[in-house]
Every structure is written in C-alpha cells, then in structure tokens.
Amino acid sequence: MGLFLAQAFFYASTPPLKYTYLMKQIQFIGFQSILVIFLTGAFAGMVLGLQGFYTLNRFGSTALLGPMVALTLIKEIGPVFSALMVTGRAGSAMTAEIAIMRNTEQIDALALMGLNPYRYLIVPKLLAGIISLPLLASLFNVIGIFGGYLIGGRLLGVGQGTYFGEMATYVDMQDILGGLYKSLSFGVLITWVCCYKGYYTGSGAEGVSKATTQAVVLSSVLILVWDYFMTSVMF
Amino acid sequence: MITVEDLHKSFNGLEVLKGVSFQVEKGEIIALIGRSGYGKSVLLKHVAGLLRPDKGRVLIDGEDISSMTGKKLEAIRRRLGFLFQSGALFDSFTVFENVAFPLREKTKLGEEEIRKKVLSLLDHVDLIGAEEKYPAELSGGMMKRVALARSLVINPEIMLFDEPTTGLDPIIACAILNLIDSLHRRFGFTGILVTHEITTVLGFVQKVAMLHEGKILTVESPEQILSSRDPIVQQFVTACENGPVRYH
C-alpha cells in the first residue's frame, strides 16, 4: 500500500497532469458531495447547539456556546464528519469504478496503449481528494456554525452578538489551520485506501463487493485513528 | 519479430506454462490453439508485458519485454495492439470516444484528423451510425468490432487477438475473422491469434501453434496441422470428444 501511495505521488508530481480527469474528479468528489455535507453539517451544528446549550446552562456559561460549537466543528467534527461522508458517497464509488475497470480489463487496455493507469485513474482522484476535502470541511463548519446558532440563538435565546462575538475571541487561526491540515490528510487517506482496494480487487462481483466494503471500513477506521494522532500532535 | 523462450508461469502453485517456446516472423499471423483454461490468454499477456514470467523471456525485435519497466515498457507497448476477449471497452465512453482515445492521448493529431481516421476505421468494421452509442448498448459482435477498431487505430506493428470470436454466433464469428484477415492484408501487422475457430483461421494464418499441458506441442503450417498424425492435434482439429485428451 505504501508503494502504491508513493507511486501515486510520484506521478502526481511529474508531468503530464490530466487536467480534464482532475476536473471531473473534483466535480465528483467535491461538488457532488455538497448536498450531503450541507445536510450533515446543518444537523451536526444543530445537535451541538442543543446539547451545548443544556450542558453549558448547568454551569451558567451559555455565553460560550458559540466558541464551543465552532471549536468542536473546526477542530474535530467538521474534518472527521466530512471525511466520513465523502468516504461513504465518493470513496465507495471510486473503489467500485476502479475494481470494475480492473475486472473488465479496462486497466490492462490502458496499459497496453502505452498509457500509465496511475495518471488516468489514481492521480486525478488523489489530487481531487486533497483539493476537495478541506473545502468540504470548511463548508461543513460554516453550515454547522449557523446550524448551532439557529438552535442556540434563535430557539434557545443566546444573543447573536454573544454567539458570534465570543467565537471571534476564542477561535484563532491555528485552530482553523489544524482542521484544514486534518481534512487535507483525510483527502489523501480516503483516495489512497479506496483506489488501492479497487486497483487490487478480487475477481467477479464478489471481489468488487468485498473491495468496496473493505475500502469503506478501512478508510473510516483510519480516519478516526489518524484523527487521534493528528490531534495529539497538533493541539 | 516475436520470440518466446522457455516461458514458465505458476499461479498459487499451479504451473500453467511449463517452458513455452515459439517464434513469430515479421508480418505473419500465428494461430494459437489449445484447450480452454490451459494458459493461452496467460501466454498472450506475457507477450504484451502484462504478466511477468517466473522463468524465460519474451523478445520483441530482440528486446526483452519481460524485464522492461516504466517508459521503455510504455514505448514498446505503443507498438502493440491487443484485442481482449471481453473487448475491454471503456464503458463511460461512446464508441467514437473509445476508438479516438488512443489517438487523442498518444498522438498530436487535430480533432478533425482524428474524426476522419476514426470514422474511416468504423466504416471498415461496419459500425458507421453507432458512434454515439455506449458499450452497454452494443451487441457482442459490435463490441468486438469496436475493440478491433480501437486496437488498430494507431497502426500497431504487432496485434494480439485473445479469442476474438468467443460468445459470437458462427456467422458473426466468421465475419470477425475475415475482418482480421482483411485488416492484416491492409496493415501488415505481425499477429498472434488465440482461437478455437480452427477451420476458419487456417485459410489466412501462416502457422498454427498448439499449446498443450503448458508446452507448445507443435508449430506447423495450416496444411500440416490438418494432416497431422498426432492424435492430440487430430482430436482438437476434428473437435472430437473421444481421443487422448479427456474432458474432466
């Protein structure tokens, strides 16, 4: 798996880059994930707003609801949830697509044309993951923060100025950058695992189904494990 | 010229190729016959450099493709065309895009030139009108013809055909083989044709090699194969169940 990733980075860093394929993948991994990110971001923020308000209320600190929602989203929930959503929506499709191409000899056909399958199939997905994940996580955070305000502010009475003002006081650039670094590394992780599982799939429908399941499970577990390591190093 | 020397290959302890050797001269087509599941496609994939042998080598014009990697392998593969058993068409591309793909990716031809070349080739394989169809909308015979057009679009010096008529009715199968024959006359490629349509191909191939139990049993001219006294060859050519080769 390590060699697979090293090769993918090698071909990503040497020309030619297949821009058309890259744009298609950004559209697939990034743009087409916006709806699911919007929905999960909104509800994650609303739950945080609700739970956060009742918890902080016990200590008489509801004024800190804004920073609590924002920091939880920016540092943890945003990068991790968006990565899990992309794994479920795009990662599984990536694995299935490559696995079917492998089983129907389309990858061999590419190689036999003297074309490098990594440049056409793996590199565009890897780069699209690196570009899309931080953007999707940022969108998740913004929607989540407004979701939290909708509940905490509009429904439960925390003032707009308090919610956003305290947020501006307590959230600094390092928190935001930390979250972005996480989602960037998740972009690599998801595309790496999902492409690898598809590229080295077993044969037939069962092989494709196993590869897809393994890709989603392994990516999801690795996202959480890697999140812990990054958190322990960065924050 | 293709030279296969003492090729050995095992999968999970099962020895499929046990020292295969033969030669194909420039411009000739050799038919590779033998029982199903006994390594003909594996042998062809070695010639294309898709599989690496455990022992032995494959030389293309004196260069060992089995030990090549990277750009050198890509360069030699640009001289090859391969017609897969399944066609291996890109299912997200239309017929036109499939045939145009090698030209768009490997040449500097303009879109107009590519269009002319693709349409001329599609005309040759009788597929004008199907340009905008996707592989899922094609019949088996049409898929094979598109795959044939795609593999020939860059005028390869060497063509490898992996059972081009499998799963087709006898009339379409005969039409595909005749098409290969006419394209060979036109383009003059060197070829290896894995087939079970022995009587049909004998008319246009220069040699026939029989792969049996992991080795080349015989390489002879079509006439010699037809009159062979070898009971295994005879059984195969006459398609007879009774003989030294038992069905299990």
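In what follows, the structure referred to is the one given above.
Residues numbered from 1 in each chain as written. Chains lettered and ligands numbered in written order. Predicted model: local features only at pLDDT ≥ 70, side-chain atom pairs only at ≥ 80, totals over all residues.

Draft legend 1. Molecular detail of the overall build of chain A. A count of helices and strands for chain A gives 9 helices and 0 strands. For chain A, the spread of C-alpha atoms along the principal axes amounts to about 70 × 35 × 30 Å. Out of the 235 residues in chain A, the part that is buried amounts to 47%. The contacts of chain A with a sequence gap of at least 6 include a subset with a gap of at least 24, amounting to 87%. (Helix = DSSP H or I, 4+ residues; strand = E, 2+ residues; numbered from the N terminus. Buried ≥ 20, exposed ≤ 12 C-beta atoms within 10 Å, placed from the backbone. Contact = placed C-beta atoms within 7 Å.)

Draft legend 2. Inspection of the interface of chain B and chain A at higher detail. Between chain B and chain A, the residue contacts involve 15 residues of the former and 11 residues of the latter. Counting residues per element, the ones that place at least two in the side of chain B that touches chain A are α2 (70-77), β6 (80-83) and α3 (95-106) of chain B. Partitioning the side of chain B that touches chain A into residue classes produces 9 nonpolar, 1 polar and 5 charged. (Nonpolar A, V, L, I, M, F, W, Y, C, P; charged D, E, K, R; others polar.)

Draft legend 3. Layout of the packing of helix α1 (residues 2-13) of chain A against helix α6 (residues 117-155) of chain A. All names here are of chain A. Running from N to C, α1 and α6 cross one another at 90°; their axes reach a closest spacing of 9 Å. Taken as axis vectors, α1 and α6 run roughly perpendicular relative to one another. Residues Gln7, Ala8, Tyr11 and Ala12 of α1 form the contact with α6, whose own contacting residues are Tyr118, Arg119, Ile122, Val123, Leu126 and Leu127. (Axes fitted to C-alpha atoms, helices over the stretch in contact; angles between N-to-C directions. Parallel < 35°, antiparallel > 145°, perpendicular 65-115°, else oblique.)

Draft legend 4. Structural view of unusual backbone geometry. Across the junction of Pro15 of chain A and Pro16 of chain A, the peptide omega takes the value 5°, indicating a cis bond. For Ala88 of chain B, which is not glycine, the phi torsion reads 55° and is therefore positive. Looking at the element boundaries, Ala88 of chain B is found in the loop between β6 and α3. Classification of Ala88 of chain B by C-beta neighbours within 10 Å gives buried; the count is 25. Even without being a glycine, Glu213 of chain B presents a positive backbone phi close to 50°. The partly exposed category is assigned to Glu213 of chain B, around which 13 C-beta atoms lie within 10 Å.

Draft legend 5. Representation of helix α4 (residues 65-103) of chain A in the model. The largest bend in α4 of chain A amounts to roughly 55° and is located at Leu73 of chain A. Of the residues flanking the end of α4 of chain A, it is Glu105 of chain A, one or two places downstream, whose phi is positive at about 65°. (Bend = angle between axes of the 7 residues up to and from the residue.)

Draft legend 6. Quick peek at helix α3 (residues 34-58) of chain A. All names here are of chain A. Over its 25 residues, α3 runs 36 Å from end to end, which matches the ideal 36 Å to within 8%, given 1.5 Å per residue. Of all the residues in α3, the buried ones are Ile37, Thr40, Gly41, Ala44, Gly45, Met46, Leu48, Gly49, Gly52 and Phe53. Buried residues in α3 make contact with α4 and α6. Backbone geometry just after α3 places Gly60 at a positive phi near 65°. (Expected span 1.5 Å × (residues − 1).)

Draft legend 7. Here's a closer look at the sheet that holds strand β10 (residues 215-220) of chain B. Residues and elements named next belong to chain B. The strand order across the open sheet formed by 6 strands is β6-β7-β8-β3-β9-β10, and the pairing between neighbours is mixed. Of all the strands in the sheet, the pair left with one neighbour each is β6 and β10. Going from strand to strand, the sheet's axes swing by 15° on average, the running direction of each strand aside. (Pairing = 2+ DSSP bridges.)

Draft legend 8. Just the pairing of β6 of chain B, in detail. All names here are of chain B. Going residue by residue along β6, you find Leu80 and Phe82 tucked away on one face and Gly81 and Leu83 tucked away on the opposite face as well. The pairing of β6 with strand β7 (residues 158-162) spans 4 bridges and is classified as parallel. Bridging across to β7, Phe82 finds its partner in Leu160.

Draft legend 9. Molecular detail of the sheet that holds strand β2 (residues 14-24) of chain B. Residues and elements named next belong to chain B. What the 4 strands build is an open sheet, ordered β2-β1-β4-β5; its pairing is antiparallel. Lying at the two open borders of the sheet, with one neighbouring strand each, are β2 and β5 (63-64). Sheet topology note: the strand β1 (residues 2-11)/β2 ladder contains 8 bridges and is antiparallel. Considered in β2, the bridge of Val4 is made with Phe22. Those strands touched by helix α1 (residues 40-47) are β1, β2 and β4 (55-60), and its axis lies near 125° from that of β1.

Draft legend 10. Broad picture of the nonpolar core. Grouped together as the largest cluster of nonpolar side chains are 126 residues, with contacts concentrated most on Leu32, Ala149 and Leu160 of chain B. Ranked by residue count, the leading element in this core is α4 of chain A, at 16 residues. Taken domain by domain, this core gets at least three of its residues from each of domain 1 (1-79 + 156-248) and domain 2 (92-155) of chain B. Leaving out residues up to four positions away in the same chain, Leu160 of chain B has contacts with Leu44, Val47, Ala48, Leu80, Phe82, Gly191 and Ile192 of chain B. (Core = buried A, V, L, I, M, F, W, Y, C linked by C-beta atoms within 7 Å. Domains from an automatic or database assignment.)

Draft legend 11. Broad picture of the environment of Gly66 of chain A. Residue and element names in this part refer to chain A. If you trace the backbone, Gly66 turns up in helix α4. Separated by 45 residues in the primary sequence, Gly66 and Ala111 have C-alpha atoms spaced 54 Å apart. Excluding anything up to four places from it in sequence, Gly66 contacts Thr162, Tyr163, Phe164, Glu166 and Met167.

Draft legend 12. The arrangement of the pairing of β4 of chain B in detail. Residues and elements named next belong to chain B. For β1 and β4, the ladder comprises 5 bridges, and the chain directions are antiparallel. When the bridges of β4 are listed, His8 appears paired with Lys55. Alignment of β4 against β5, held across 2 bridges, turns out to be antiparallel. Across the sheet, the residue bridging to Ile60 is Glu63, located in β5. Following β4, the chain reverses through 2 residues before pairing antiparallel with β5; Asp61 in that reversal takes a positive phi of roughly 50°.

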